Amino acid sequence: MPSLANKRILLGVTGGIAAYKSAEIIRRLQDAGASVQVVMTHAATQFITPLTLQALSGNPVHLELLDTDAEAAMSHIELARWADAILIAPASADFIAKLANGEAGDLLSTLCLASRSPLAIAPAMNQGMWRNAGTQHNIERLRGRGIHIFGPTEGTQACGDVGPGRMSEPEDIAELIADLFETGSLAGKKVVITAGPTREAIDPVRYISNHSSGKMGYALAEAAAEAGAETVLISGPVNLASPDRVTTISVTSAQEMYDAALAEVEGCHLFIASAAVADYRPVQVSEQKIKKSADNMTIELVKNPDIVSAVAARQNRPFTVGFAAETANVDDGLERHARGKLERKNLDLVIANDVSDRTIGFNSDDNAVLVVEMQTSESIPKINKSILARQLIAKIADMIPS
Ligand code: PMT
């Protein structure tokens, strides 16, 4: 069974006779190294007591969406952020319908909406309910949203019917959850990622910068840490919290980012330059605020050092990945521009995005990219940056020497 070491699994239990098997699921997840927190629907408490699941998980069981005591300890949003994956087992027909409709009437459905982590359900219900067109339609909608469906299996059911609808066995479910993670695909590796914009001072109150929010780079750092890497994030000024399990170094200017990157590159296996580094900085930084006087003003600029090129030029270079922010789409030379950067900067891979599209790229939660290698390219359509980051990390992990 693959490892779940350091993984945090939120187990959602909904109302169905198979709820008794959730006790065993907790054990199997813990055996694989995971920490488990349990959220139950009210219907689930008719089938198994919260006390049993609390004793087995070693954590308080969460039941209420609006519970002042629970909110003080861990709010529903914190729980959603805590989870590396959410597993709903058993998932009743009713809960599946709620999930498919995007409802948020109770704690568990709210968590599912709030979380950006992988979500898996293990359906369990009577065979007629499972076969029903309504349920099948809901399952297809969930599948289309990237939700993983584990089972169900066929066999004799608690009601005496025979057919599909039995929840998969706990050990199989635990194994499928472990398979969701590229567990350890970067274990033992050091990954350095640059993120966000840089600010190039003009005077004490003004600077040159750009629209990067850092979302893409932070998502990559989160995904690299999740894949087991020792992860260092070198970040320009952004409004994002440092991801868990990541060492974040805050910098302001391109020169500071360059210094931090070259200090961290020693022993690094993978370097990803997602930062939008200012290409130029003012030659002179005025010590005093520049007074408004003449109608025109000229600022002389000088080129900043190229961070990713400097990393790629090292003798013992890490696998080096650059981004290409282009105002061009796939039909308009995106690949050609990206390949130009791949060659000029001597990179192993370039991830190109069209930053003229306001729905992706800068400051958006989503991105669509073209992954460009020397001979080939692969297009990844618009998707949430967290999901994209996991896909990119999985792809890159396969490419770097073990
Ligand atoms: O931060 P977000 O709001 O989530 O937006 C994400 C993003 C659009 C910033 C990101 O997806 C992206 O495209 N990052 C690269 C931005 C960029 O500066 O691209 P570029 O084509 O100008 O530079 C090419 C590569 O050289 C990049 O890897 C860049 O980090 C690197 N570079 C550039 C200049 C410099 N002085 N040093 C560098 O390392």
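Just so you know, these numbers come straight off a predicted model, no measurement behind them.

To continue, consider the overall build of the protein chain. In terms of regular secondary structure, the protein chain is built from 14 helices and 19 strands. Each principal axis of the C-alpha atoms in the protein chain carries an extent, and together these give about 85 × 50 × 40 Å. Out of the 402 residues in the protein chain, the part that is buried amounts to 49%. A separation threshold of at least 6 residues defines the contact pool for the protein chain, and within that pool the share at least 24 residues apart is 68%.

Our next topic: the site of the ligand. The local shell around the ligand holds 28 residues, among which S212, S213, K341, N353 and N363 are the closest. Here K215 contributes a backbone N or O atom positioned 3.3 Å from an oxygen atom of the ligand. Separating an oxygen atom of the ligand from a backbone N or O atom of A325 is a distance of 3.1 Å. Coverage of the ligand by the protein amounts to 96% of the 770 Å² it exposes when considered alone. Secondary-structure elements contributing two or more residues to the shell around the ligand are α10 (215-226), α12 (307-312) and β16 (319-326). By residue number, the principal contributor to the shell around the ligand is β16, which donates four residues. Residues that form the shell around the ligand fall into these classes: 13 nonpolar, nine polar and six charged.

What follows deals with the domain arrangement of the protein chain. Domain boundaries assigned for the protein chain yield domain 1 (8-178) and domain 2 (190-399). Spacing between the C-alpha centres of domain 1 and domain 2 amounts to 38 Å. Counting residues at the interface gives five residues for domain 1 and six residues for domain 2. The largest contributions to the domain 1 side of the interface with domain 2 come from R8, D84 and R116, which together make up 85% of the buried area.

This next bit is on the sheet that holds strand β3 (residues 85-91). Spatial strand order, β2-β1-β3-β4-β5: five strands in an open sheet with parallel pairing. The strands lining the two open edges of the sheet, one partner per strand, are β2 (35-40) and β5 (148-149). Pairing of β3 with strand β4 (residues 119-123), which is carried by four bridges, proceeds in the parallel orientation. Bridged to I88 within β4 is I121. Along the sheet, helix α1 (residues 22-31) contacts β1 (8-13), β2 and β3; its crossing angle with β1, the most-contacted strand, is approximately 175 degrees.

With that out of the way, let us pick up the packing of helix α5 (residues 93-100) against helix α8 (residues 133-144). It is the contact of α5 with α8, at a shortest axis distance of 9 Å, that shows an interaxial angle of 50 degrees. Between α5 and α8, the angle falls in the class oblique. In this structure, α5 meets α8 at a crossing whose hand is left-handed. For the pair formed by α5 and α8, the contact residues are A93, I96, A97, L99 and A100 on the first element and T135, N138, I139, R141 and L142 on the second. A breakdown of the residues in the contact of α5 with α8 according to their chemical character gives seven nonpolar, two polar and one charged.

Nonpolar side chains collect at one region of the surface, where Y280, M297, I299 and L301 lie side by side and expose about 370 Å² of accessible area between them. Note on placement: I299 falls in the loop between β14 (280-282) and β15 (301-303). What makes I299 partly exposed here is its relative accessible area of 34%.

This paragraph deals with the sheet that holds strand β18 (residues 366-372). The sheet built from eight strands is open, its strands ordered β12-β11-β8-β13-β16-β17-β18-β19 with mixed pairing. Either end of the sheet is taken by a strand with one partner, and the two such strands are β12 (246-250) and β19 (377-384). Across the sheet, the mean angle from the axis of one strand to that of its neighbour is 20 degrees, orientation sign disregarded. When β18 meets β19, the two strands line up antiparallel, connected through six bridges. Considered in β19, the bridge of N367 is made with I383. Sheet strands in contact with helix α11 (residues 254-264) are β8 (190-195), β11 (230-235), β12 and β13 (270-273), and its direction is about 165 degrees off that of β11. Helix α13 (residues 334-344) rests against β16, β17 (349-354), β18 and β19 of the sheet, and its axis sits at about 145 degrees to β17.

Attention shifts here to the layout of surface pockets. With a probe scaled to a water molecule rolled over the atoms, the places where space remains empty come into view. There is about 930 Å³ of room inside the largest pocket. As for the largest pocket, its lining consists of 41 residues, of which A275, A276, V277, D279 and A325 are closest to the centre. Listing elements by their share of the lining of the largest pocket, those giving two or more residues are α10, β15, α12, β16 and β17. Looking at the lining of the largest pocket, the element that brings in the most residues is β16, giving four residues. Looking at the lining of the largest pocket, its residues break down into 19 nonpolar, 15 polar and seven charged.

So, on to the packing of α1 against helix α9 (residues 170-180). Look at α1 against α9: their axes get within 9 Å of each other, and the N-to-C directions meet at 45 degrees. For the element pair α1 / α9, the angle class is oblique. In this structure, the crossing between α1 and α9 has a hand that is right-handed. Of the residues in α9, those touching α1 at E24, I25, R28 and L29 are P170, E171, I173, A174 and I177. When grouped by side-chain class, the residues that make up the contact of α1 with α9 number six nonpolar, no polar and three charged.

Thresholds applied
- Residues numbered from 1 in each chain as written.
- Predicted model: local features only at pLDDT ≥ 70, side-chain atom pairs only at ≥ 80, totals over all residues.
- Heavy atoms only, no water.
- Helix = DSSP H or I, 4+ residues; strand = E, 2+ residues; numbered from the N terminus.
- Buried < 20%, exposed > 50% of the residue type's maximum accessible area, 1.4 Å probe, protein only.
- Contact = heavy atoms within 4.5 Å.
- Near = heavy atom within 4 Å.
- Polar contact = N/O pair within 3.5 Å; in protein donor to acceptor, adjacent residues only side chain to side chain.
- Areas by Shrake-Rupley, 256 points an atom, 1.4 Å probe, with all protein chains shown as cover.
- Nonpolar A, V, L, I, M, F, W, Y, C, P; charged D, E, K, R; others polar.
- Domains from an automatic or database assignment.
- Buried area = accessible area lost by both parts, 1.4 Å probe.
- Pairing = 2+ DSSP bridges.
- Axes fitted to C-alpha atoms, helices over the stretch in contact; angles between N-to-C directions.
- Parallel < 35°, antiparallel > 145°, perpendicular 65-115°, else oblique.
- Left-handed = near helix turned anticlockwise from the far one by under 90°.
- Patch = residues over 30% accessible without salt bridge, like charges linked within 9 Å, V, L, I, M, F, W, Y side chains within 5 Å.
- Salt bridge = Lys/Arg side-chain N within 4 Å of Asp/Glu carboxyl O.
- 1 Å grid on protein atoms, 1.4 Å probe; cavity = no way out; pocket = protein on both sides within 12 Å on 5 of 7 lines; lining within 4 Å.
- Points joined across faces, edges and corners; volume = space filled by probe spheres on them.

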